[in-house]
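Geometric and topological summary
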Amino acid sequence: MGRSKLLASIVVGATVGAALSMFDRTTREKTIASTKKMKEAISYYAANREELQVLVEEKVLAAKVLCENVSENVNTIVDKVDEFKGLPSTIEGMINDTKSAFSLPDKE
């Protein structure tokens, strides 16, 4: 029951906020212009559904390629992190080798 009141309050608040923002002339003009543009686009794609389908397929393909690239980049970063994890022990070994090469042998 509390949830339905929350949702109703959010809807009422958004509606009141939108109505109040229409008192500003610039906001009203931009809203009208973008609504007209949206109406034209919807009308155009309603008449040209094949073009809309091609456009959607292109966007889906672009998103798929982007996801694959991100996945490859993440894998590369993980590989580099793994390489860097082993780096301190490699450096420590090099330092110890250098110390032993330049230190005097112990006399017994």
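Everything in this summary refers to the structure shown in the same document. (Residues numbered from 1 in each chain as written. Predicted model: local features only at pLDDT ≥ 70, side-chain atom pairs only at ≥ 80, totals over all residues. Heavy atoms only, no water.)

1. Topic: the overall build of the chain
A count of helical and extended segments in the chain gives three helices and zero strands. Each helix and strand of the chain, placed in order from N terminus to C terminus, yields the pattern α-α-α. Here the C-alpha atoms of the chain give a radius of gyration of 32 Å, more than 25% beyond the 13 Å that 2.2 N^0.38 yields for 108 residues. For the chain, the spread of C-alpha atoms along the three principal axes comes to 95 × 45 × 35 Å. Counting all 108 residues of the chain, 0% fall into the buried class. (Helix = DSSP H or I, 4+ residues; strand = E, 2+ residues; numbered from the N terminus. Rg over C-alpha atoms; globule rule 2.2 N^0.38 Å. Buried < 20%, exposed > 50% of the residue type's maximum accessible area, 1.4 Å probe, protein only.)

2. Observations regarding the packing of aromatic side chains
Counted by the stated rule, this structure contains one aromatic pair. A centroid spacing of 5.2 Å and a plane angle of 75° characterise the contact between Tyr 44 and Tyr 45, whose relative ring orientation is edge-to-face. A residue is classified by how much of its surface remains accessible, and Tyr 44, at 38% relative accessible area, is partly exposed. (Phe/Tyr/Trp six-rings, centres within 6.5 Å; stacked < 30°, edge-to-face > 60°.)

3. Thoughts on helix α3 (residues 49-102)
Compared with the 80 Å implied by 1.5 Å per residue over 54 residues, the 78 Å span of α3 between its first and last C-alpha is a close match. Along α3, the sharpest kink reaches roughly 30°, centred on Leu 87 and followed within four residues by the proline Pro 88. (Expected span 1.5 Å × (residues − 1). Bend = angle between axes of the 7 residues up to and from the residue.)

4. Topic: the pattern of salt bridges
Following the criterion strictly, the structure yields one salt bridge and no others. One salt bridge in this structure joins Glu 29 and Arg 25, with 2.9 Å as the shortest N-O distance. Of the two residues, Glu 29 and Arg 25 are both situated in helix α2 (residues 25-47); the distance of four residues between them amounts to about one turn of the helix. For Glu 29, a relative accessible area of 43% corresponds to the partly exposed category. Judged by its relative accessible area of 56%, Arg 25 is exposed. (Salt bridge = Lys/Arg side-chain N within 4 Å of Asp/Glu carboxyl O.)

5. Some thoughts on the packing of α2 against α3
For the pair α2 and α3, the least separation of the axes is 5 Å and the interaxial angle reads 105°. Judged by the angle between their axes, α2 and α3 are roughly perpendicular. Residues Tyr 44, Tyr 45, Ala 46 and Ala 47 of α2 touch α3, and the partners they reach there are Arg 49, Glu 51, Leu 52 and Leu 55. Among the residues forming the contact of α2 with α3, the class breakdown is six nonpolar, no polar and two charged. (Axes fitted to C-alpha atoms, helices over the stretch in contact; angles between N-to-C directions. Parallel < 35°, antiparallel > 145°, perpendicular 65-115°, else oblique. Contact = heavy atoms within 4.5 Å. Nonpolar A, V, L, I, M, F, W, Y, C, P; charged D, E, K, R; others polar.)

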